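# Structural description and commentary
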Amino acid sequence: MDERQVIEAREVWKIFGERAEEALRAVRQDGLHKAEVLERFGAVVAVRDVDFAVEKGEIFCIMGLSGSGKSTLVRHINRLIQPTHGQILVNGQDMGALSAEELRALRASRIGMVFQNMALLPHRTVRDNIAFALELRNTDPFTCHQSANGLLETVGLAGYGDAMPSELSGGMQQRVGLARALAADPDILLMDEPFSALDPLIRRGLQDEFLVLSRTMDKTTVFITHDLDEAMRLGSRIGIMRDGEMVQIGTPEDIILHPKDGYVADFVQGLSRLKLVFAHRIMERPEIYDKSHGNLADADTWPQAHPKADLNSLVSLIVGQQCPIAIRDNGKLAGIVTKDALLKGIQG
Amino acid sequence: MKVHAPGGQDGGQATAPPDNSDSLASFKEFAGPRGDRYGRTFLRIQQAKLPGYHLNTSALIGGFLWAALRGNWPLFWIGFAADMVAAVNMALVHKYDLAAVQAAADGKDFLVQRYDGWSDAHLQAALILFFAGRLLLGWLADRLYYHHYTRWRINRSLPSGQTIKRLGVGMLAVLLVAPLTIYRASQFAPDQRSCIKLAHMIQDGEQVPLKDRFDCWTISEFPTLVWLQRPPQYSFPRNDDGTRSIVVKEPSSQRPVNLNNWLSEHIDQGIGYMKAFYGWLFDGVTRWIRVLLNAVEAVFVGTPWIVTSLMLVMAAVKLAGSRMGVFTAAVLIYMMLFGFWQTAMSTISLTVAATVICVVAGLPLGIWVAKSKVGAAVVTPALDIMQTIPSFVYLLPAVAFFSVGKPPGILATVIFAMPPMVRLTALGIQHVPASTKEAALAFGASPRQLLLKVELPLALPSIMAGVNQVVMLSLSMVVIAAIIGAGGMGFIVVDALARTQVGRGILAGIGIALIAMMIDRVVQKANRM
Ligand SMILES: Nc1ncnc2c1ncn2[C@@H]1O[C@H](COP(=O)(O)OP(=O)(O)OP(=O)(O)O)[C@@H](O)[C@H]1O
Ligand SMILES: [Mg+2]
């Protein structure tokens, strides 16, 4: 097994309903659709034969329409839900094989979770909510208090420690949920639409902060979102779900450039490519360029860029110039980007 | 619903009469014979134009027979009941007329007068009931029949039209009910005792008039069968070494008994057996309750009144604010002025002790009910039974096993007052949102932590409502338990009742009401704060 794989899902199925087992057999044999299963067995296929792996330090974004099974899938990772079939491995450990005690220990210390509906404890103050995970591990009250205050500061709610959750706005509650998930300093974070109720400004700030946090502290994150821009900004890789199935998994660029089917293409349609497509995707090899233009010798006088430069920066370089851009990797000429190629690249 | 006339113009002249042919056809299909007449009436009902005095003469004259013919059974029963009661009254007139003649023959003038009076009263009642019943039926007939029609439109299997078969069914019902009922009213029914005597006479082979037999079997108490062998008599005398032995004696009489006597004798013997061989259990329970009660009474009764009253007022202020403090002080002063202090404190002690037991036992039971299917399956039916049995009845088993005094009183109170504690605790826990519990589990809460840190705190309002109810129920039951010697304010009322000292009883009753108000208000306010 790959050492760096922190979370791995193997053939995970989840069917809700009394006759789940029966329905599972029928679905696997005859490949029934979600609607057919509901009609015949009164059971809901929420997750359908999903395989994926998340590596250490990655932010794995899951996207999909409402009801496509995203929340159900992440709940399998800390085993709030038992799969009908399949396995979930966390750090190589089969979650299904853990005893109740081991599972509790794992949840308390290694996996933090932010819920779509916040699910704060209404009878506890904001500070006590944040310190909840610590308290469950019998941490002393002083430490609880201190670390909760620190986290309140991080999420921009300093001074709200003694408020009750019901006194906060939806967005503030989401931030409390985030702080609560971070309190026990877990190395795996499961985040179910954690920023959905925030205004764009705070959202962007928290996204940036979250990126820094997960990089510096090497956290592994599964992040559910409806917001494509957010997925593109944060996601190391993105998984797209439809009716319980994982339709496609890939880097943001991958998904934009090679959508697997119409559903995925619809999903990523209208997204600005400027920051997601890079020079190496659209450049011509120097030999080929030379054959058609024959002025490669002047390459040193042209604007220079790195293969990882995005289209946005290439546009700034080429504006007002007559010549193309030379792409160099460690000083070596790797390719040429002409104006035409750039325009084509933006168009997609 | 809007009915569009075929070919009619929308938004046309408002004066055009609406086309009712659809409705009329449907009415006629439903009514069958005399469809025109019912069609017209139903149309007027539909348009809310039926005059208030409208009567259906067929129903007025035909009575319940009309309803049977039309298959409208509710009207049939209304009409039949009215006529039946009128007939019973006529039978009573006959009965008292005969009785008056008999009394006159016996020379008992005062009886003659009384019977004549009754006879007249029943005659008036019979006439009024008969005519009023018919009028009512005639008035209701078309209105209910229209209702019947609307239901028939939804469900075509309902009776419609008019058939002779239904008339037969109606007559059959009348034949089954009417003759015996009227006969019963016209006779002086034998009482149960004389019927038992009669049964014995028959067993001994004596001649009994047929009418007496018939009366005993049909118009007296439901004839219980006397067919069970009387059970032998058990006693459990104590031996010299303290153990008990079982002695069986033949039953005192060989006559068979009915089910009631047979089973109650068995129950008595069962209780005797339990007391003889498991007496230690009941004694133990009694002792523990007494220990608890002594501890509570030490606070309320054993402490000088100055200290107790100050303590109570201060507690009220602290728990429920200064206004409740003033009210509490007023209640306590009433108790002192009328010399109820000790008794009132004794009642409060009983209430507190019962409440403590209810809470201590009810909370875990409630948690069990909420958490386990088995718990719910076992406890819920038991609670249902406990709540349907009248409070009075609890006193019986308490006395049977624990004899009289305060401990059995508290025990009966606990059984009476505990159900809301269990129910509301379970309800509170079950209503904790699943998402909140899930969040706690996701952060690694153990079942114990989930219960203590999430479920119980969130269920607390419901639990406190349960405590409030327990306190109030305990107080009411503690008063009733005075009948079995629990003492307190209830005893004064019971005693006053027995000696018809109305004044004393009323003063004590007001005292009880004041205590109830005081406790209720304080507990409620304290819950809200
Ligand atoms: N406890 C449950 N019992 C039965 N069906 C469920 C349960 N939880 C989820 N489902 C069903 O599973 C499917 C997937 O639900 P899920 O909550 O995972 O969707 P989602 O992708 O998170 O949607 P959203 O974006 O709206 O949050 C839905 O059809 C839902 O009805
Ligand atoms: Mg969801």
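Everything below is about the structure shown above.
### Thoughts on helix 5 (residues 73-106) of chain B
In an α-helix, one full turn covers 3.6 residues, which means residues spaced three or four apart are oriented alike. Taking 1.5 Å per residue as the helical rise, helix 5 of chain B with its 34 residues ought to reach 50 Å, and the 48 Å between its terminal C-alpha atoms agrees with that figure. Note on helix 5 of chain B: the residue one or two positions beyond its end, Gly 107 of chain B, has a positive phi of about 75 degrees.

### Details of a nonpolar patch on the surface
Judged by side-chain polarity, Tyr 234, Ile 246, Val 248, Tyr 273, Met 274, Tyr 278, Trp 280 and Leu 281 of chain B come together as a nonpolar surface patch covering roughly 790 Å² of accessible area. Following the sequence through the fold, Tyr 273 of chain B ends up in helix 10 (residues 259-277).

### Re the state of the cysteines
Residues and elements named next belong to chain B. Counted according to the given criterion, the structure contains 1 disulfide over all chains. Covalently, Cys 195 is tied to Cys 216 through a disulfide, its sulfur atoms 2.1 Å apart. Handedness of the Cys 195-Cys 216 disulfide follows from its S-S torsion of about -100 degrees: it is left-handed. Taken together, the positions of Cys 195 in helix 8 (residues 192-203) and Cys 216 in helix 9 (residues 210-218) put the pair 21 residues apart, joining distant regions of the chain. Using a relative accessible area of 11% as the deciding quantity, one classes Cys 216 as buried.

### Quick word on the pattern of salt bridges
All names here are of chain A. The tally for this structure, following the rule as stated, stands at 30 salt bridges over all chains. When the shortest N-O distance is used, the salt bridge between Arg 19 and Glu 22 registers 3.2 Å. The exposure class assigned to Arg 19 is partly exposed, which follows from its relative accessible area of 37%. Across the salt bridge formed by Asp 261 and Arg 242, the nearest N and O atoms sit 3.6 Å from each other. Within this pair, whereas Asp 261 is found in the loop between helix 11 (252-257) and helix 12 (262-268), its partner Arg 242 is found in strand 9 (residues 237-242), the two being separated by 19 residues in sequence.

### A few points about the packing of helix 10 of chain B against helix 11 (residues 279-300) of chain B
All names here are of chain B. In the contact formed by helix 10 and helix 11, the axes pass within 4 Å of each other and the chain directions differ by 75 degrees. Put simply, helix 10 runs roughly perpendicular to helix 11. Together, Met 274, Lys 275, Ala 276 and Phe 277 of helix 10 and Gly 279, Trp 280 and Phe 282 of helix 11 make up the contact between the two elements.

### Some remarks on empty space enclosed by the protein
Residue and element names in this part refer to chain A. A complete count under the given rule lists 1 cavity of 30 Å³ or more for this structure. There is about 80 Å³ of room inside the largest cavity. In terms of lining residues, the largest cavity is bounded by Thr 154, Val 155, Leu 178, Leu 182, Leu 206, Glu 209, Phe 210 and Leu 213. Looking at the lining of the largest cavity, the elements with two or more residues in it are helix 8 (170-183) and helix 9 (200-216). A breakdown of the residues in the lining of the largest cavity according to their chemical character gives 6 nonpolar, 1 polar and 1 charged.

### What to know about the site of ligand 1
All names here are of chain A. In the vicinity of ligand 1, 15 residues are found, and the nearest of them are Ser 66, Lys 70, Ser 71, Thr 72 and Gln 116. At a separation of 3.3 Å, an oxygen atom of ligand 1 approaches a polar side-chain atom of Lys 34. At 3.3 Å, a side-chain N or O of His 226 approaches an oxygen atom of ligand 1. Mapped by element, the contributors of at least two residues to the shell around ligand 1 are strand 2 (44-55) and helix 3 (70-77). The element contributing the most residues to the shell around ligand 1 is helix 3, with 3 residues. Partitioning the shell around ligand 1 into residue classes produces 4 nonpolar, 8 polar and 3 charged.

### Quick word on the sheet that holds strand 4 (residues 85-90) of chain A
All names here are of chain A. With antiparallel pairing, 4 strands are arranged side by side in an open sheet as 2-1-4-5. Sheet topology places strand 2 and strand 5 (93-94) at the edges, where each strand pairs with a single neighbour. Most of the contacts of helix 1 (residues 20-30) go to strand 1 (residues 5-16), to which it runs at about 105 degrees, and overall it touches strand 1, strand 2 and strand 4.

Rules used throughout
Residue numbers here run from 1 along each chain, matching the order of that chain's written sequence. Chains carry letters and ligands carry numbers; both start at the beginning, A for chains and 1 for ligands, and go up in the order they are written. With the structure being a predicted model, the display of local features is reserved for residues of pLDDT at least 70 and the display and counting of side-chain atom pairs for 80 or more, all residues being used for whole-chain, interface and lining totals. Calculation of side-chain values draws on the structure's entire complement of heavy atoms; hydrogens and water are dropped beforehand. Only runs of H or I of at least four residues qualify as helices and only runs of E of at least two qualify as strands under DSSP, and these elements are numbered from the N terminus. A helix is expected to span 1.5 Å for every residue after the first. Exposure above 30% relative accessible area and the absence of a salt bridge qualify a residue for a patch, where like charges join within 9 Å and nonpolar side chains (Val, Leu, Ile, Met, Phe, Trp, Tyr) within 5 Å. In these tables, accessible area is a Shrake-Rupley quantity obtained with a 1.4 Å probe, and a residue counts as shielded only by the protein chains included in the view. Whenever Lys or Arg places a side-chain nitrogen within 4 Å of a carboxyl oxygen from Asp or Glu, that contact is recorded as a salt bridge. Disulfide: a pair of cysteine sulfur atoms within 2.5 Å of each other. Type-normalised accessible area, obtained with a 1.4 Å probe on protein chains alone, sets the label of each residue: buried when under 20%, exposed when over 50%, and partly exposed for intermediate values. Note on definitions: angles span 0 to 180 degrees between N-to-C directions of axes, and those axes are lines fitted to C-alpha atoms, for helices only across the stretch in contact. Angles are sorted into four bins: roughly parallel if under 35 degrees, roughly antiparallel if over 145, roughly perpendicular if 65 to 115, and oblique for all others. Throughout, a residue-residue contact means that at least one pair of heavy atoms, one from each residue, lies within 4.5 Å. Any residue with an atom within 4 Å of a point lines the site, the site being either a cavity, points on a 1 Å grid over the protein atoms alone where a 1.4 Å probe fits but cannot get out, or a pocket, an open set with protein on both sides within 12 Å along at least 5 of 7 lines. Grid points are joined across faces, edges and corners, and a volume is the space filled by probe spheres set on the points. Charged means Asp, Glu, Lys or Arg here, nonpolar means Ala, Val, Leu, Ile, Met, Phe, Trp, Tyr, Cys or Pro, and polar covers whatever is left, Gly included. Neighbouring residues are identified by heavy atoms, a residue being near a molecule or strand if any of them is within 4 Å of it. Two N or O atoms form a polar contact when they lie within 3.5 Å of each other; inside protein one atom must be a possible hydrogen donor and the other a possible acceptor, and for residues adjacent in sequence the pair counts only when both atoms belong to side chains. Here, a strand pair is defined by DSSP locating no fewer than two bridges between the strands.

Shape descriptors only; they carry no functional weight alone.
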